[in-house]
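This is what each chain is made of:
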Amino acid sequence: MDPAEFGYSTLEMKHAPYGPITPEALKDSNKGKIAVVTGAAQGIGAAIAEALAKSGASVAILDLSVEKLAKTKEACEKQGVKVRAHACDVTNGGRLKEVFDEVEKELGNIDVLVNNAGILDQRPFIMADFNTFWRQIEVNFKAPLLTIHTLLPRFRDRGAGCIINIASRSATVDVPMTLGYVTSKAALARATHTLQREMVLEKLDPAVHLYALHPGGVLTGMGGSGASQDVLDKYGDVRDEKFFMELFKDGPELCGQTCAWLATGQGKELRGLYLDCRQDVERLLGVGREKLLKEKKNVLTVNFLEGYANEP
Ligand SMILES: NC(=O)c1ccc[n+]([C@@H]2O[C@H](COP(=O)([O-])OP(=O)(O)OC[C@H]3O[C@@H](n4cnc5c(N)ncnc54)[C@H](O)[C@@H]3O)[C@@H](O)[C@H]2O)c1
């Protein structure tokens with residue numbers, strides 16, 4: 001992988017919470033809100049749940065088993081908020097509805113949904129078992145759409161809601177050996193753009209605000225994981241694993257705190273967009289929504305030769 005292919009930022013990139021998104025700046029800013037975080041047992045999801053709890057939100061944390069959620073539950077409870085842990089495979093629509101009903105009965109109406117659960121299987125498509133490949137689309141794309149489809153009518157009836165989809169930089173670039181991952185994340189980012197436009201039709205814009213978020217490079221169960229031995233045996237170290245590992249230098253708190261900040265509504269001008277947590281939210285807000293949309297910044301788009309437009 002040649003990093004120069006994508007260029008280097010000349011503006012400072014953030015790797016840890018800063019200014020407006022620190023726990024101190026966000027103290028009590030989500031007090032009284034109820035937030036759901038999927039895939040919260042570890043890694044980035046755990047940090048998102050904890051950041052939301054620090055900002056005063058009660059949290060419902062979902063993952064494949066309740067046992068896996070114990071550590072996150074304890075960390076969130078330390079913040080003095082209500083916490084409920086639910087075993088839930090997010091690809092199971094029936095179970096999701098059951099869990100959301102339970103959360104609303106026990107904690108109150110859900111205000112914030114963070115679709116974080118995700119999986120990655122690194123192998124060339126030609127070497128992949130189709131079902132394993134497709135499972136990534138189910139977890140990374142179908143599941144967020146299922147959660148949104150279940151909660152959106154409730155957000156409509158209450159006239160408010162915040163949805164954060166943890167996408168990935170992989171949504172925006174071609175990464176060989178990760179077809180299921182890149183396509184599911186691209187679809188999720190596209191869905192975020194389009195759904196925000198549907199909120200306009202529904203007269204729910206900006207009251208219902210969505211975001212697609214790249215959390216940065218975080219060393220987690222997934223982040224920094226490599227290809228399996230059979231793939232390495234066949235193709236060699238195509239990605240330069242050692243170099244790749246060095247790219248994972250962001251703390252999970254950066255994404256966690258960015259989610260807490262978005263949940264407050266302070267970032268509503270950025271709704272519908274694809275955001276990279278490493279970029280300063282104040283800088284983006286400073287440019288303004290109108291200019292960002294006009295210049296197609298922070299949206300998945302295609303560029304043609306000068307003179308050709310992407311006309312209908
Ligand atoms: N780590 C990174 O550098 C990085 C970069 C870009 C995007 N992301 C995204 O961030 C999110 C979190 O990733 P992470 O790095 O913390 O990974 P992780 O593997 O450490 O955690 C993912 C969590 O999701 C849960 N999960 C998986 N399938 C599930 C299912 N069907 N139902 C319920 N829970 C399920 C897992 O049990 C696990 O607790 C993912 O969506 C990932 O694609 C991560």
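Just so it is clear, the model here is predicted, and its values are computed rather than measured.

A. Fine view of the overall build of the chain. When helices and strands are tallied, the chain shows 10 helices and 7 strands. The C-alpha radius of gyration of the chain comes to 19 Å, within 12% of the 20 Å expected for a compact globule of 312 residues. Referenced to the eigenvectors of the C-alpha coordinate spread, the extents of the chain come out at roughly 50 × 50 × 35 Å. The buried share of the chain, reckoned over its 312 residues, is 42%. Restricting to contacts in the chain with at least 6 residues of sequence separation, those with at least 24 account for 74%.

B. Summary view of the sheet that holds strand 1 (residues 34-38). Reading across from one edge, 3-2-1-4-5-6-7 is the order of the 7 strands in this open sheet, with parallel pairing throughout. Here the strands that pair on one side only, and so sit at the sheet edges, are strand 3 (83-87) and strand 7 (274-276). For this sheet, the mean angle separating the axes of adjacent strands, direction not counted, is 20°. Two elements, strand 1 and strand 2 (residues 58-63), share 5 bridges in a ladder whose sense is parallel. Along strand 2, the bridge assignment pairs threonine 38 with leucine 62.

C. Structural context of the environment of valine 299. Position of valine 299 among the secondary structure elements: in the segment after helix 10 (289-294). Take valine 299: there are 16 C-beta atoms within 10 Å of it, and that puts it in the partly exposed class. Distance in space between the C-alpha atoms of valine 299 and serine 65 is 35 Å, their sequence separation being 234 residues. Those residues within four positions of valine 299 in sequence are excluded, and the remaining contacts are His193, Leu273 and Tyr274.

D. Structural view of the site of the ligand. As a structural note, the neighbourhood of the ligand is formed by 28 residues, with Gly39, Gly43, Gly118, Gly221 and Gly223 the closest of them. Across the shell around the ligand, the residue classes tally to 12 nonpolar, 14 polar and 2 charged.

E. Region of the structure containing the nonpolar core. Of all hydrophobic cores here, the largest spans 78 residues; its most connected members are Val37, Ile48, Leu52 and Val59. Leucine 52 has contacts with Asn30, Ala35, Val37, Ala57, Val59, Cys259, Ala260 and Ala263, leaving out every residue within four places of it along the chain.

F. Broad picture of the environment of alanine 46. Mapped onto the elements, alanine 46 comes out in helix 1 (residues 43-54). For the pair alanine 46 and threonine 258, spaced 212 residues apart in the sequence, the C-alpha separation amounts to 14 Å. Among all residues touching alanine 46, those that are not within four sequence positions of it are Ala40, Ala41 and Thr72.

G. Broad picture of the pairing of strand 1. Here strand 1 lies mainly inside the structure; 5 of its 5 residues are buried. Here strand 1 shows no split at all, with Ile34, Val36 and Thr38 on one side and Ala35 and Val37 on the other all buried. This β-α-β element, strand 1 to helix 1 to strand 2, shows right-handed connectivity. Pairing of strand 1 with strand 4 (residues 112-115), which is carried by 3 bridges, proceeds in the parallel orientation. By the bridge assignment, valine 36 is partnered in strand 4 with leucine 113.

H. Broad picture of the pairing of strand 4. Of the two faces of strand 4, both are covered, the one formed by Val112 and Val114 as well as the one formed by Leu113 and Asn115. Bridge analysis of strand 4 against strand 5 (residues 161-166) gives 4 bridges, and the strand direction is parallel. Residue pairing in the sheet places valine 114 in a bridge with isoleucine 164 of strand 5.

I. Local environment of the packing of helix 4 (residues 130-158) against helix 5 (residues 179-201). Taken N-terminus to C-terminus, the directions of helix 4 and helix 5 make an angle of 15°; their axes are 8 Å apart at the nearest point. For the element pair helix 4 / helix 5, the angle class is roughly parallel. Here the hand of the crossing between helix 4 and helix 5 comes out right-handed. Between helix 4 and helix 5, the contacting residues are Phe133, Gln136, Ile137, Asn140, Phe141, Pro144 and Leu145 on the first element and Leu179, Gly180, Tyr181, Thr183, Ser184, Lys185, Ala187, Leu188 and Ala191 on the second. Residue composition of the contact of helix 4 with helix 5, by class: 10 nonpolar, 5 polar and 1 charged.

The rules behind each value
- Residues numbered from 1 in each chain as written.
- Predicted model: local features only at pLDDT ≥ 70, side-chain atom pairs only at ≥ 80, totals over all residues.
- Helix = DSSP H or I, 4+ residues; strand = E, 2+ residues; numbered from the N terminus.
- Rg over C-alpha atoms; globule rule 2.2 N^0.38 Å.
- Buried ≥ 20, exposed ≤ 12 C-beta atoms within 10 Å, placed from the backbone.
- Contact = placed C-beta atoms within 7 Å.
- Pairing = 2+ DSSP bridges.
- Axes fitted to C-alpha atoms, helices over the stretch in contact; angles between N-to-C directions.
- Near = placed C-beta within 6 Å.
- Nonpolar A, V, L, I, M, F, W, Y, C, P; charged D, E, K, R; others polar.
- Core = buried A, V, L, I, M, F, W, Y, C linked by C-beta atoms within 7 Å.
- Right-handed = clockwise from strand over helix to strand, strands pointing away.
- Parallel < 35°, antiparallel > 145°, perpendicular 65-115°, else oblique.
- Left-handed = near helix turned anticlockwise from the far one by under 90°.

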